[in-house]
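Fold and contact review
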Amino acid sequence: MPKVNISPTTERYCSKLGDGQTKLCLDPWSKVFVKYDGGVSLCCNAPPIGSLKDNTIEEIVINENATKYRNGLISGDLEVACAVCPDRKTVHKDELIQLVSTYLYSDGVDAKILSSVE
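It should be emphasised that the depicted structure is a prediction, and the values quoted were computed from it without experimental measurement.

Cut-offs and rules
Residues numbered from 1 in each chain as written. Predicted model: local features only at pLDDT ≥ 70, side-chain atom pairs only at ≥ 80, totals over all residues. Heavy atoms only, no water. Helix = DSSP H or I, 4+ residues; strand = E, 2+ residues; numbered from the N terminus. Core = buried A, V, L, I, M, F, W, Y, C linked by side-chain atoms within 4.5 Å. Buried < 20%, exposed > 50% of the residue type's maximum accessible area, 1.4 Å probe, protein only. Expected span 1.5 Å × (residues − 1). Polar contact = N/O pair within 3.5 Å; in protein donor to acceptor, adjacent residues only side chain to side chain. Salt bridge = Lys/Arg side-chain N within 4 Å of Asp/Glu carboxyl O.

Some remarks on the environment of L96
Mapping L96 onto the fold places it in helix 6 (residues 93-107). Between the alpha carbons of L96 and I74 there is a distance of 6.9 Å; along the sequence they are 22 residues apart.

This is the structure:
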């Protein structure tokens, strides 16, 4: 997965999340963004997690990189793109877990995607 270059100021911002905190974001479970070059991201701010040149969309959304983003949000161990996201507020991770569970169960989402939450 491509690395995101961050400044010292951004690194200090990343460290502001407290214990048990995460960002309130359903994007990695509900959206994909396809770039002009075939790169696939889970949000508009994150680097690609795969490419349609190499894999199907179905393979990409359940790959190791996608799971890493989802698990990071659930655990509070955020990828840099998530930690510095200006669009999502900081909440206790239990709030996100409840929201994700409700979203996935109500939508009948594939068990492979749900497994990254449990």
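Having seen it, we continue.
Brief notes about the nonpolar core
Taken as a class, soluble globular proteins show a tendency for nonpolar side chains to be buried jointly. Membership of the largest hydrophobic core comes to 20 residues, with the highest contact counts inside it found for W29, I49, Y69, L73, L78 and V100. No other element matches helix 4 (residues 64-75), which puts 4 residues into this core.

A look at helix 4
The end-to-end C-alpha separation of helix 4 is 16 Å, in line with the 16 Å expected for 12 residues at 1.5 Å each. Of all the positions in helix 4, only N65, A66, Y69, R70, G72, L73 and I74 are classed as buried. At the N-terminal boundary of helix 4, the capping side chain belongs to N63, with an oxygen 3.0 Å from the backbone nitrogen of N65. The first or second residue beyond helix 4 is G76, which carries a positive phi of 90 degrees.

What about the pattern of salt bridges?
The final tally for this structure, using the stated rule, is 3 salt bridges. Between R88 and D27 there is a salt bridge, with its nearest N and O atoms 3.1 Å apart. Of this pair, R88 sits in the loop between helix 5 (80-83) and strand 5 (90-92) while D27 sits in helix 2 (residues 27-30), placing them 61 residues apart in sequence. Taking the relative accessible area as the measure of exposure, R88 reaches 26% and is therefore partly exposed. With relative accessibility at 9%, the residue D27 sits in the buried group. A salt bridge links K68 to E79; the shortest N-O distance between them is 3.9 Å. Taken together, the positions of K68 in helix 4 and E79 in the loop between helix 4 and helix 5 put the pair 11 residues apart, joining distant regions of the chain. Shared partners join several salt bridges into a network, and the residues in it are D27, K31 and R88.

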